[in-house]
Amino acid sequence: MKRALLSWSGGKDCAWALERLRGSDIEIAGLLTTINEQSDRVAMHSVRRELIEEQARATGIPLWITPLPWPCPNQQYERIMAGVCARALRQGIQATVFGDLFLEDIRAYRERALAGTGLEPLFPLWGAPTAALAREMLAGGLKLRVVCADTKVLDASFAGREFDATFLSDLPLGADPCGENGEFHTFVYDGPMFRQPVAIETGAVREEGGFAFADFMCPVSSL
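Criteria and cut-off values
Residues numbered from 1 in each chain as written. Predicted model: local features only at pLDDT ≥ 70, side-chain atom pairs only at ≥ 80, totals over all residues. Heavy atoms only, no water. Helix = DSSP H or I, 4+ residues; strand = E, 2+ residues; numbered from the N terminus. Buried < 20%, exposed > 50% of the residue type's maximum accessible area, 1.4 Å probe, protein only. Contact = heavy atoms within 4.5 Å. Areas by Shrake-Rupley, 256 points an atom, 1.4 Å probe, with all protein chains shown as cover. Lys, Arg positive; Asp, Glu negative; His and termini not counted. Charge placed at Lys NZ, Arg CZ, Asp CG, Glu CD. Phe/Tyr/Trp six-rings, centres within 6.5 Å; stacked < 30°, edge-to-face > 60°. Lys NZ or Arg CZ within 6 Å of the ring centre and 35° of its normal. Axes fitted to C-alpha atoms, helices over the stretch in contact; angles between N-to-C directions. Parallel < 35°, antiparallel > 145°, perpendicular 65-115°, else oblique. Nonpolar A, V, L, I, M, F, W, Y, C, P; charged D, E, K, R; others polar.

Draft legend 1. The arrangement of the overall build of the chain in detail. A tally of regular secondary structure across the chain gives six helices and 10 strands. Expressed as lengths along the three principal axes of its C-alpha atoms, the size of the chain is roughly 45 × 35 × 35 Å. Evaluated residue by residue, the chain yields a buried proportion of 48% over its 223 residues. Look at the contacts in the chain between residues 6 or more apart in sequence, and 70% of them connect residues 24 or more apart. A total accessible area of about 10500 Å² is found for the chain, and carbon and sulfur atoms account for 51% of it. In the chain, 22 side chains carry a positive charge and 29 a negative one; their mean positions are 5 Å apart.

What follows is the structure in C-alpha cells.
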C-alpha cells in the first residue's frame, strides 16, 4: 500500500477522490486542510474549521490542519507547505492526492511544488467529463451544499443550495457542472466515505469580493 495525504477543502471533488481510492493500493493517511488563521476557516472556501473536523471524524481519517497567516504571500505559503511535506515523509507518506479535474495550470503548479520533495502527486479524477462526473457523484450517494458562488457567473441565490439534479439544470450555459472554473464551491455533509452524516445549519449568506458565501455551521446540540 502507498500511503498518501489527501488535499481536503471539504468539497465534492476531494470527497469523491477519496471514494475513488477506496479499495485501491492507495491508503489515505491524512486529510490536509489549510486554515486562514485570522478567520479560523478553510482558506479557499470559508468553511468553518469545526465542520472540517466533523468531516474528518465521519471518515475516520486523521485531519492535518495547516494554519496560514492572512494575507499569505506565495513564498511564505510554499515555505509552510515544505514543512508539511517534510512531516509527511517522516511519517512514511509517499504521495499527495488532489481532486483536480482538468485545469492544466493548477496541476502543473502542484507537480512543480512537489518536485524533489519525495511525494508523488496523484490525480484520481483527472480528465473525467464533468457532466458525467457530477451525475456519478449524485448517483453514488454524495450529499452536498453550495458554500460559495462566483456572482460574476451565478446569482447569489445559488449559495446555500443543495447540489442536486435541479441545481445542475439551473446552471447557466457555459458554467461547468462541477464548478471547476471557480463558478462554485461545495461542502459535503454525507456520502459513502462517511460513517455518519455531518449535521449542518445554514446561517446568513453574505456577498464579498465578487462571491456569495453561505455560512454553514454545526447545530448547537452537536457541539
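Draft legend 2. Just the packing of aromatic side chains, in detail. Evaluation of the coordinates by the stated rule reveals eight aromatic pairs. Arranged with centres 5.1 Å apart and planes meeting at 80°, the rings of F167 and F184 form a pair that is edge-to-face. Here F184 lies in strand β8 (residues 184–190) and F167 lies in helix α6 (residues 165–170), a separation of 17 residues in the sequence. Of the residues examined, F184 reaches a relative accessible area of 1% and is grouped as buried. Ring pairs connect the aromatic residues F158, F163, F167 and F184, which therefore count as one cluster. Sitting above the plane of the F211 ring, K152 keeps its charged end 5.2 Å from the centroid. Cation over ring: R161 sits above F158, and NZ or CZ is 5.1 Å from the ring centre.

Draft legend 3. The packing of helix α1 (residues 12–21) against helix α5 (residues 130–139), seen in detail. Two elements in contact, α1 and α5, have axes whose closest approach is 11 Å; the angle formed by their N-to-C orientations is 70°. Between α1 and α5, the interaxial angle falls into the category roughly perpendicular. Mapping the contact onto sequence places K12, D13, W16 and R20 in α1 and L133, E136 and M137 in α5. Grouping the constituent residues of the contact of α1 with α5 by class yields three nonpolar, no polar and four charged.

On their own, these measurements won't tell you what the molecule is for.
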